[in-house]
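Descriptive analysis of the structure
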Number of protein chains: 2
Amino acid sequence: MATSYPVDNTNKVKRIPKRGHYDKATIYEILDVGFLCHLGFSVNGQPYVIPTSYGRKGDKIYLHGATTSRMMVNLEEGIPVCLTVTHLDGLVLARSAYHHSMNYRSVVCFGTAKLIADTAEKEEALKVISDQILKGRWEESRLPIAKELKATTVLELTIDQASAKIRTGPPGDEKQDYELPIWAGVVPCQQVWGSPIPDPLLREGIEAADSIKNLV
Amino acid sequence: MATSYPVDNTNKVKRIPKRGHYDKATIYEILDVGFLCHLGFSVNGQPYVIPTSYGRKGDKIYLHGATTSRMMVNLEEGIPVCLTVTHLDGLVLARSAYHHSMNYRSVVCFGTAKLIADTAEKEEALKVISDQILKGRWEESRLPIAKELKATTVLELTIDQASAKIRTGPPGDEKQDYELPIWAGVVPCQQVWGSPIPDPLLREGIEAADSIKNLV
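Being a predicted model, the structure only gives us computed values, none of them experimental.

Observations concerning the overall build of chain A
A count of helices and strands for chain A gives 5 helices and 10 strands. Viewed in the frame of its principal axes, chain A has a C-alpha envelope of about 65 × 50 × 35 Å. Counting only residues that meet the buried cut, chain A has 40% of its 216 residues in that class. In chain A, the proportion of contacts linking residues at least 24 apart, taken out of those at least 6 apart, comes to 72%.

Re the nonpolar core
A general trend in soluble globular proteins is that nonpolar side chains are found buried together. With 100 residues, the main nonpolar core has Val107 of chain A together with Val107 of chain B as its most contacted residues. Val107 of chain B has contacts with Ile27, Ile30, Leu31, Thr84, Val85, Ala162 and Ala164 of chain B, leaving out every residue within four places of it along the chain.

Details of the relation of the copies chain B and chain A
For the match of chain B to chain A, the screw axis carries a shift of 0.0 Å, the RMSD comes to 0.0 Å, and the turn is 180 degrees. The operation mapping one copy onto its partner corresponds to a two-fold rotation axis. Measuring from the rotation axis to each C-alpha of chain B, the shortest distance belongs to Gln191 of chain B, at 2.2 Å. Here 100% of the interface residues in chain B have copies in chain A that are interface residues too; the copies meet face to matching face.

Quick look at the interface of chain B and chain A
Of the residues lining the interface, 75 residues belong to chain B; the matching set on chain A comes to 76 residues. Broken down by secondary-structure element, the contributors of at least two residues to the side of chain B that touches chain A are β2 (36-43), β3 (46-53), β6 (80-93), β7 (101-115), α3 (119-133), α4 (137-140), β9 (185-193) and β10 (197-198) of chain B. In terms of residue count, the dominant contributor to the side of chain B that touches chain A is β9 of chain B (9 residues). The class makeup of the residues in the side of chain B that touches chain A is 46 nonpolar, 18 polar and 11 charged.

Some words on the pairing of strand β8 (residues 152-167) of chain B
Residue and element names in this part refer to chain B. Relative to β8, strand β1 (residues 20-21) runs antiparallel, the two being bridged by 2 bridges. Paired with Gly20 across the strands is Lys165, a residue of β8. Pairing of strand β5 (residues 60-66) with β8 involves 7 bridges; the strand directions are antiparallel. The partner of Ala66 across the bridge, within β8, is Thr152. Looking at chain direction, β7 and β8 are connected through 12 bridges and run antiparallel. In the sheet register, Ser106 faces β8, and the bridge partner there is Lys165.

Quick look at the confidence of the model for chain A
Close inspection of predicted coordinates is inappropriate in any region flagged by low pLDDT. In the predicted model, chain A carries a mean pLDDT of 95, and 100% of its residues have values of at least 70. Interface confidence for the predicted complex, given as ipTM, is 0.96, next to a pTM of 0.96.

Calculation notes
- Residues numbered from 1 in each chain as written.
- Chains lettered and ligands numbered in written order.
- Predicted model: local features only at pLDDT ≥ 70, side-chain atom pairs only at ≥ 80, totals over all residues.
- Helix = DSSP H or I, 4+ residues; strand = E, 2+ residues; numbered from the N terminus.
- Buried ≥ 20, exposed ≤ 12 C-beta atoms within 10 Å, placed from the backbone.
- Contact = placed C-beta atoms within 7 Å.
- Core = buried A, V, L, I, M, F, W, Y, C linked by C-beta atoms within 7 Å.
- Least-squares fit on C-alpha atoms with pLDDT ≥ 70 in both.
- Nonpolar A, V, L, I, M, F, W, Y, C, P; charged D, E, K, R; others polar.
- Pairing = 2+ DSSP bridges.
- pLDDT = per-residue confidence, 0-100.

So, in structure tokens, the structure goes:
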């Protein structure tokens, strides 16, 4: 199996090409530390970008939603989609306004989604999504019954092409600007989890879910 | 001036309509606490979703990029775009797998971008973007010179239509599931800023930028 995605005009990182990566290891690593993507598709020439959760297994990305959702109804037709995942790692403050930037890791995937009709496959795909969001939670939960599975559309997106784009490190300024009395550097940022807030209707005596310790 | 965006098939929140909002106050508030959007557009039927920074002023959103960027080259043609901003506020852990959800605030904007050709307008728009990312940094920076302005494309996106979608609060489970011995609740999350990391090439004796204290 190829270890990199094919590169052509669709997925080539044109702006600052040294930040572009096409190997699956890099792309999967960025996909796997997230669970929220922005999914783009076009209906009658109108683009839509919708935030949604996902789960990856191999070169497949699984997506789910209500059978009544506009996004699901459109995507199950097999239209081209673009799925993007972005992790913001910091603000890059340069001396010049022009050289300000951000540190980030992002992946842009291209492919076509198809409906998963088979019930067992559907459950397995939902578990992949659940595991990606919070490993261990599926086993703790009351699992879907037939009616719930029926109300849920699950899609499988095969990644045909993808690219990652990564920026790390300090700012790069124009040579003469290094003399200026202006602070420059990086302000890192990250997503952090707070203390779990129990449901006000939680029965007494139930400890916080074990799975929560898997949130990093 | 209308205080809400017109609602039609393009921007109507169909799935769980009670989470949908169309008033400008709600939409602007969500846009204004962020600076990173996912911008969707379509070229020859292929959708693209690209993460980029933005700044809002009134019903205009400003975007910038290298004049050589594919996104900028395509967008300045005046094609329809969808600009989406998402703030993840927490994981909603229900007793049933089916009722798991997320707390979030998101905005989806529809419109068409146009090139800002006038240099003074361009600078003003770049300041709007800079202020949105880090208020006060523009004044601290060495401002753009003619060559840098020329290398930068700045676009103005008028928001024609938009919708916000918000979920808050605890999970909602099926009545009979409240008896189950399963922990349920919300794990909040937020983006936090770390300690500034000075550029290794920073001149000695320069204090961290005042603007950094504006990061919340």
